[in-house]
Each structure stands twice: as structure tokens, then as C-alpha cells.
Amino acid sequence: MSPAGQRGSSPGEDDAAVIGRSLADPDTFAVIFDRHSPAIARYLARRLGRQIADDLLAETFLAAFRTRKQYDLTRPHALPWLYGIATNMLARHRREEARELRLLAAVPVEDAEEGHAERVAAQVTAEAMNGLLRQALAGLADGDRDVLLLVAWEGLAYDEVAAALEIPVGTVRSRLHRARKKVRVVLDLPDPATHEEITHHG
Amino acid sequence: MDEMQLLRELGNETPAPPTEDLAAARASLLAGIAGERPAPPKPRPLRRLAWAGGVAVGLAAAAAAVVALSPAARIAPEPPKHVLLVAAEVVREQPELRPRADQFVYSRHQRADGWYYEQWSSVDGVHDGRFDMNGQVGTAAGCRDGKRALPADEGGGTRDCLPFRTYYPDLPTNPDAVLTYLREDHRGEGNGGHEMNIEAMNLIESVLTPAARSALYEALSKIPELSVRTGTRDPAGRPAVTVSWSAGGMPLEFYLDPATYEYRGRDGSGALVAHGIVDKVGQKP
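Not measured: the values here are computed from a predicted model.

Details of the overall build of chain B
Each helix and strand counted, chain B has eight helices and 14 strands in total. When each of the 285 residues of chain B is scored for burial, the buried share is 48%. Long-range pairs, those at least 24 residues apart, make up 56% of the contacts in chain B between residues at least 6 apart in sequence. Working note: accessible area of chain B is about 12,500 Å², and carbon and sulfur atoms make up 53% of it.

Here's the deal with the interface of chain B and chain A
Counting from both sides, the interface comprises 40 residues of chain B and, opposite them, 43 residues of chain A. Taking both sides of the interface into account, the surface hidden between chain B and chain A amounts to around 3,700 Å²; carbon and sulfur atoms contribute 64%. If you sort the residues of chain B by the area they bury against chain A, Glu3, Leu7 and Leu29 of chain B come out on top, with a joint share of 17%. Viewed at the interface, chain A and chain B are joined by six salt bridges. Residues Arg184 of chain A and Glu3 of chain B are paired through a salt bridge, measuring 2.8 Å at the closest nitrogen-oxygen approach. In this assembly, chain B and chain A are joined by ten residue pairs in polar contact (both at pLDDT 80 or more). Among the elements of the structure, helix 1 (3-12), helix 2 (19-36), strand 10 (226-233) and strand 12 (252-256) of chain B are those that each provide at least two residues to the side of chain B that touches chain A.

Topic: helix 1 (residues 15-24) of chain A
Of all ten residues making up helix 1 of chain A, nine are buried, and the element is well covered by its neighbours. Against helix 2 (30-48) and helix 4 (79-91) of chain A together with strand 12 of chain B lie the buried residues of helix 1 of chain A. Sitting at the head of helix 1 of chain A, Asp14 of chain A places a side-chain oxygen 3.2 Å from the backbone nitrogen of Ala16 of chain A.

Focus on the environment of Thr67 of chain A
Residue and element names in this part refer to chain A. Relative to the helices and strands, Thr67 is located in the loop between helix 3 (50-66) and helix 4. C-alpha of Thr67 to C-alpha of Ile85: the two residues are 18 residues apart in sequence and 9.8 Å apart in space. Those residues within four positions of Thr67 in sequence are excluded, and the remaining contacts are Trp81 and Ile85.

Digging into helix 4 of chain A
Residues and elements named next belong to chain A. The end-to-end C-alpha distance of helix 4 is 18 Å, a good match for the 18 Å that 13 residues give at a rise of 1.5 Å each. In terms of burial, helix 4 is a largely internal element, eleven of the 13 residues being buried. Taken residue by residue, helix 4 has Leu79, Pro80, Trp81, Leu82, Tyr83, Gly84, Ile85, Ala86, Thr87, Met89 and Leu90 as its buried positions.

Side note on the side chain of Arg47 of chain A
With respect to the helices and strands, the residue Arg47 of chain A is situated in helix 2. Side chain to side chain, Arg47 of chain A and Asp146 of chain A meet in a polar contact 2.9 Å long.

Quick word on the packing of helix 6 (residues 175-183) of chain B against helix 8 (residues 210-220) of chain B
Describing two packed helices takes the angle between their axes plus the distance from one axis to the other. Residues and elements named next belong to chain B. Contact pair helix 6 / helix 8: the axes reach a minimum separation of 8 Å and the direction vectors enclose 75°. It follows that helix 6 is roughly perpendicular to helix 8 by the angle criterion. Residues Pro175, Val178, Leu179 and Leu182 of helix 6 form the contact with helix 8, whose own contacting residues are Ala215, Leu216, Glu218 and Ala219.

With respect to the pairing of strand 1 (residues 104-110) of chain B
All names here are of chain B. With six of seven residues buried, strand 1 is to be regarded as a mostly interior element. The pairing of strand 1 with strand 2 (residues 116-122) spans seven bridges and is classified as antiparallel. Among the inter-strand pairings, Gln110 is bridged to a residue of strand 2, identified as Tyr116.

Section: the sheet that holds strand 1 of chain B
Residues and elements named next belong to chain B. Read from one edge of the open sheet, nine strands run 4-3-2-1-14-13-12-11-10, paired in antiparallel fashion. Edge strands, defined here as strands with exactly one partner in the open sheet, are strand 4 (136-140) and strand 10. Ignoring strand direction, the axes of neighbouring strands in this sheet form an average angle of 25°. Strands in contact with helix 5 (residues 82-92) are strand 10, strand 11 (239-245) and strand 12; relative to strand 10, the strand with the most contacts, it is inclined by about 75°.

Rules behind the numbers
- Residues numbered from 1 in each chain as written.
- Chains lettered and ligands numbered in written order.
- Predicted model: local features only at pLDDT ≥ 70, side-chain atom pairs only at ≥ 80, totals over all residues.
- Heavy atoms only, no water.
- Helix = DSSP H or I, 4+ residues; strand = E, 2+ residues; numbered from the N terminus.
- Buried < 20%, exposed > 50% of the residue type's maximum accessible area, 1.4 Å probe, protein only.
- Contact = heavy atoms within 4.5 Å.
- Areas by Shrake-Rupley, 256 points an atom, 1.4 Å probe, with all protein chains shown as cover.
- Buried area = accessible area lost by both parts, 1.4 Å probe.
- Salt bridge = Lys/Arg side-chain N within 4 Å of Asp/Glu carboxyl O.
- Polar contact = N/O pair within 3.5 Å; in protein donor to acceptor, adjacent residues only side chain to side chain.
- Expected span 1.5 Å × (residues − 1).
- Axes fitted to C-alpha atoms, helices over the stretch in contact; angles between N-to-C directions.
- Parallel < 35°, antiparallel > 145°, perpendicular 65-115°, else oblique.
- Pairing = 2+ DSSP bridges.

Here's what the structure looks like:
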């Protein structure tokens, strides 16, 4: 777990302590906002564009505030929990997200079939590659995309993604594996897993 | 370069938002918090004020959300509730306190922000108690001959009353009898709008015989709307078992010491940081 280093910090200072205090003293919850709103705002903006993200940011933290009694106080770091709530908020905007991704996909993706994608990849500019990436993301199943982006963009560890989305770690792994594979196909990148499998079985 | 690296670069194109862009969301959050914050506790002579922080707000609303406890509702305890059965065993062995009728139970609750609530509650509910709510001092009038004096700011005069005791040597020691007791009206409010969780909270904060406290905890373990969490902390940051009434419009949550299962505070009022039995109001143990 990447935030595990914070486990050793003084017990009065971690997120769980703050959330615990906020049960009796609701205003304390603003501390959670101040600590984590930049990360959550950026996550929402990455996924939905700045405009919708601005609205969802307040909704996310209000939902967190209202459900803080259910927060597992044995988890000192609240970011995975907040990412989970933000991802639930995103679920209401799947359509906007798909549109955002498609709009931003700069390359004429209808041509991005296998042979052509290969040629595109060879001369690709960073922007065109990003367009392909967005197209690939738009084509993922919602749950697969959630896992992939929490890992790639937000840097969450597998068990943190599992906690955020309330799914088993094994499901995180399988969704990530599937998502990465689909993205590689769209980008026409080699599949490192094939090599690993061959090595493993060989 | 693999797809994860490409994705990270794509993500990095969205910069972290500047703090001023977060201000609007922060203001919305604070407004939402203010909307749900319990109203400042108002001194009321009729109630045991240690509860005011979290309870006064919902008295009317919760009348519509009375915990229904038909015999059919007494389902087997869910796993976390076994903690209450353990607690029932532990408290049964605790020494018995026997305060005199003319004594007072002193308690001090304190929240993390420094707000405190100190009170001297009459053991028999007949004598005048006192409270100090964060510097605001007042008298909790006792109930004598069925009448309680009202403070001047509530118009003065008297009101019909039942004494609010803080010592219940006569409470049943059988869990089912305690459940029956919790459903009954002991404050002259009538059974219709009676709130069982408030009655239970009242008892938890009071002086009970070890056998009665044991029966009370066992009775709580039978209430479906109640949830128990271990590994939590009380408002003072001490390890705690947290007991919550999860259903209905009335928020109620209190904390027990995870070793002794003594009452350690409640949501709204804060952590119980001092308590004991004294002879006069104003005295501290």
C-alpha cells in the first residue's frame, strides 16, 4: 500500500482520527477536504473535464461527510475511500465521460483498425497517441476503466483500489489485466503477458 | 514505453486544480455541514442535558421513527453484536456503586474542539442539579411532589414531572424485562412517541447494579437496528467499541471501553473524561 508509510504517524493526526473527531464535531471534516480535495478534484477533472468535475467535487465530499459514520476507522488513510465515493459519483456521468473521451480522441479513430493502427503508431505524435488512448478508454467496460485509471492516474495500490471500489483484490487484478490488454490492442503495442506466459509455461 | 506509462502521461496533462478553484466546493461542503450540525444544545430543565448535543435536535422527528420492537423483531444477534454479550459478562463482575439519594452523579463530556458539558445530576431526581455547558451554567431543577420549577426564561412557574433519576437500583436484571422497560414511558411522555434509544442511552449513562447493566447490554444485543463496531476510537481518541442505532431519524452513537465496557462518551457530547459520585453540586470527585 503506497500510503502505508503514514500508518506510523501520530494517531491524533491521521485521517481516521480526523473523521472520528468529525462525528462529534462536524466542522472538523473540512480538514479532510483540505487534505484531499486537490487529488479528488484532479481525478474528477481527468475523467470528466473541469466543468462537471467542479460540481462533483462538492457532491463527493458532502457524500463522504454524510457517510462518515460508516468509515472504517481502522483505515488511517482516507484517500481510497474518497476515490471510491468519487467513482460512484462518476457512475452517474458515464455518458458524459464517454463523450468527453470521444471528443478528445483527436485521431480519426474509425480508421484505427489493426493494420492502420500500426502505421499510425509508427508516426504518431504524442497528441495522436493520446487520442488513441482516449478512444481505448472509451471502449472499456466501466468497471475495467475505473480500475485502470485509479492505478495509472491516481497511483493507487491494488488493495487500495479494492477498498475504494469494494471489490476483491483478485477482481482488481483481473479487471486491470483485461483493461491493459484492450488498451494495448488499440495502441497496437506488444503484449508483455504473452512473453511472460511463454516463459512461465516454458 | 508501455500503455501504463502512456496513460500516466495522458493523466499528467490535467494539472492539479489551483486552490482558489476548490473554494466553491469547500464552501458548499461547509454549508452542507452546517445544515446537518446539531443545533447548539439549549439548556432544558426537563432533560438530562448530557445528551443535548446529539439528541435534542431530533426529538420531534424521531417520534415518527420509533424503534419497533415486536417479539418477532428480536432476531438472533448478528456477529458484531456478540461483543455486547461479552460486555454483559464483563460488567456483571464489576463492583457495585450505591449512591445515596441526596448525592449527585458528576460527569464531564468533552469534544475534540474543547467544548465541554459538565453536570451534577441528582441521584433521586428530586434534588436540584447543575450543569455547566461550556461556561453556560444553569440549574437542572429537581422534581418535587410532581412539580418541577421552570426557569425564568421559560416563563417561570412549575410543570408536572416525573423525577429523572441517575441511579436505578430497581432495574430488571433479565434482558427481556429490560427490553420491556425500554419500551415503556418513564418520563410522562406517553408511550406513543417514546424513544427507546433515548431511554437506553439514559440508562447507560446512569448508575446501575452490575446485574442490571449486564442485562441492559444483553438486551441491546437483541435490537436489530443497533450496530456494533470494534477497533474504533471515542471522541478523545481512545480505543473504543462504538454502538450505533443505525435506523430511524434519530442519530445515536455511544462508546464503550473495549476492556471494561464502561460507558466512555457519546456522539454530540463528546468523550466522557471524568465522572464520579459527589455530595454536593459543584464538587468534583
